Amino acid sequence: MFISFEGPEGSGKTSQIRLLAAFLREQGCGVTVTREPGGTRIGDQIRTCLHDVANQEMVPTAEFLLYSASRAQLVGELIRPTLAAGGVVLCDRYADSSLAYQGYGRGLDLQDLLTITAIATGGLKPDLTFLLDLDVERGLARRRLGGEEMNRLDLESVRFHERVRAGYHALAAQEPHRWRLVNADRPVEEVQADLQQVVNDTILSRCPK
Ligand code: TYD
């Protein structure tokens, strides 16, 4: 079972994933948590390059290909082997982030992105994708308040992040069976309760007790 988590900046994905992983482990599921970009030694090197605020001259296509390279490594090295062994993978961002940020945000051609993504992932898609949805300004403010380091993408304009959010909504509407839209502008426990409910209804029956 492969579950990805998407959403704009400051939507609280990382804490939600940590809590959901603990919940799934209590239910007897073998869980692997990973993230994009990164998640592997090679991916982490690519992440450093992508997020370096000094890399202002990076062109959108190079940016997309670097995210894709990190993704190819993560799928080959970690995700596919984990799924083959019957494990559950929780991934903080996956290919939909590229469609939202590099496609809807930067304006790269979506068909081109899909073609290259199919090569990078060998066609592997999540079984379930949570969209932790939140107003853009609220999310950016949360991130600043949390004292988190701002990466190159965080520093983009509010307009850019609005396009990303609208992109996510468009992607979710195209594949409603895969996506679950969750209002992330609520206390952590309430958001977590929604995630656990969905997971209870969809995957727990498949985990060995
Ligand atoms: P990260 O620090 O992991 O932030 P977050 O907590 O928001 O996930 O940084 C990931 C950043 O990279 C985030 O700004 C979104 C961006 N991104 C893309 O633009 N395209 C992609 O394909 C991926 C995976 C991430």
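Residues numbered from 1 in each chain as written. Predicted model: local features only at pLDDT ≥ 70, side-chain atom pairs only at ≥ 80, totals over all residues. Heavy atoms only, no water.

Draft legend 1. Spotlight on the sheet that holds strand 2 (residues 31-35). Strand order in the open sheet made by the 5 strands is 2-3-1-4-5, with parallel pairing throughout. Looking at which strands have only one partner, the edges of the open sheet turn out to be strand 2 and strand 5 (179-183). Put simply, the sheet's adjacent strands are angled 20 degrees from each other on average, direction ignored. When strand 2 meets strand 3 (residues 88-92), the two strands line up parallel, connected through 5 bridges. From the neighbouring strand, Val-33 faces strand 3, where its bridge partner is Leu-90. (Pairing = 2+ DSSP bridges. Helix = DSSP H or I, 4+ residues; strand = E, 2+ residues; numbered from the N terminus. Axes fitted to C-alpha atoms, helices over the stretch in contact; angles between N-to-C directions.)

Draft legend 2. Just the site of the ligand, in detail. Neighbouring the ligand are 15 residues, the closest being Lys-13, Arg-93, Ser-98, Gln-102 and Arg-143. Glu-9 has a polar side-chain atom sitting 3.0 Å from an oxygen atom of the ligand. Taking Asn-151, its side chain carries an N or O atom lying 3.3 Å from an oxygen atom of the ligand. Burial of the ligand by the surrounding chains reaches 93%, relative to a free accessible area of 550 Å². Breaking the shell around the ligand down by element, the ones donating at least two residues are helix 2 (41-51), helix 3 (60-84) and helix 4 (95-105). Among the elements that take part in the shell around the ligand, helix 4 stands out by supplying 4 residues, more than any other. (Near = heavy atom within 4 Å. Polar contact = N/O pair within 3.5 Å; in protein donor to acceptor, adjacent residues only side chain to side chain. Areas by Shrake-Rupley, 256 points an atom, 1.4 Å probe, with all protein chains shown as cover.)

Draft legend 3. Structural detail: the side chain of Glu-36. Mapped onto the elements of the fold, Glu-36 is located in the loop between strand 2 and helix 2. Setting aside its immediate chain neighbours within four residues, Glu-36 contacts Arg-47, Arg-71, Leu-74, Cys-91, Asp-92, Arg-93 and Tyr-94. (Contact = heavy atoms within 4.5 Å.)

Draft legend 4. Inspection of the pattern of salt bridges at higher detail. Inspection of every chain in the model, using the stated rule, returns 16 salt bridges. Here Arg-71 ties to Glu-36 by a salt bridge, and the two come within 2.7 Å at their closest N and O atoms. Taken together, the positions of Arg-71 in helix 3 and Glu-36 in the loop between strand 2 and helix 2 put the pair 35 residues apart, joining distant regions of the chain. Of the residues examined, Arg-71 reaches a relative accessible area of 1% and is grouped as buried. By relative accessible area, which is 5% here, Glu-36 ends up buried. The partner of Asp-194 in a salt bridge is Arg-186, with the nearest N and O atoms 2.8 Å apart. By sharing partners, the salt bridges in this structure join Glu-6, Glu-9, Arg-93, Arg-143 and Asp-154 into a single network. (Salt bridge = Lys/Arg side-chain N within 4 Å of Asp/Glu carboxyl O. Buried < 20%, exposed > 50% of the residue type's maximum accessible area, 1.4 Å probe, protein only.)

Draft legend 5. Spotlight on the nonpolar core. Ranked by internal contacts, the top residues of the largest apolar core, which has 23 residues, are Ile-3, Leu-24, Leu-90 and Phe-130. Those elements that place two or more of their residues in this core are strand 1 (2-6), helix 1 (13-26), strand 3, strand 4 (128-133) and helix 8 (188-202). Take this core: its biggest share by element is 5 residues, from helix 1. Leaving out residues up to four positions away in the same chain, Leu-90 has contacts with Ile-3, Phe-5, Ile-17, Leu-20, Ala-21, Leu-24, Val-31, Thr-32, Val-33 and Thr-34. Of all hydrophobic cores here, the second largest spans 18 residues; its members include Met-58, Phe-64, Leu-113 and Leu-153. (Core = buried A, V, L, I, M, F, W, Y, C linked by side-chain atoms within 4.5 Å.)

Draft legend 6. Structural detail: the packing of helix 1 against helix 8. Closest axis-to-axis distance for the helix 1/helix 8 pair is 10 Å, and the angle between their directions is 45 degrees. As summarised for this structure, helix 1 and helix 8 are arranged oblique, according to the angle between their axes. The crossing of helix 1 and helix 8 is right-handed. Here Gln-16, Leu-19, Leu-20, Phe-23 and Leu-24 of helix 1 lie close against helix 8, whose contacting residues are Val-188, Val-191, Gln-192, Leu-195, Gln-196, Val-199 and Asn-200. (Parallel < 35°, antiparallel > 145°, perpendicular 65-115°, else oblique. Left-handed = near helix turned anticlockwise from the far one by under 90°.)

Draft legend 7. The arrangement of the packing of helix 3 against helix 4 in detail. Remark: helix 3 packs on helix 4, axes separated minimally by 10 Å, with the N-to-C direction vectors making an angle of 175 degrees. Considering their axes alone, helix 3 and helix 4 lie roughly antiparallel with respect to each other. Facing Pro-60, Glu-63, Phe-64, Tyr-67 and Arg-71 of helix 3, the residues of helix 4 in contact are Ala-95, Ser-98 and Gln-102. In terms of residue class, the contact of helix 3 with helix 4 is made up of 4 nonpolar, 2 polar and 2 charged. (Nonpolar A, V, L, I, M, F, W, Y, C, P; charged D, E, K, R; others polar.)

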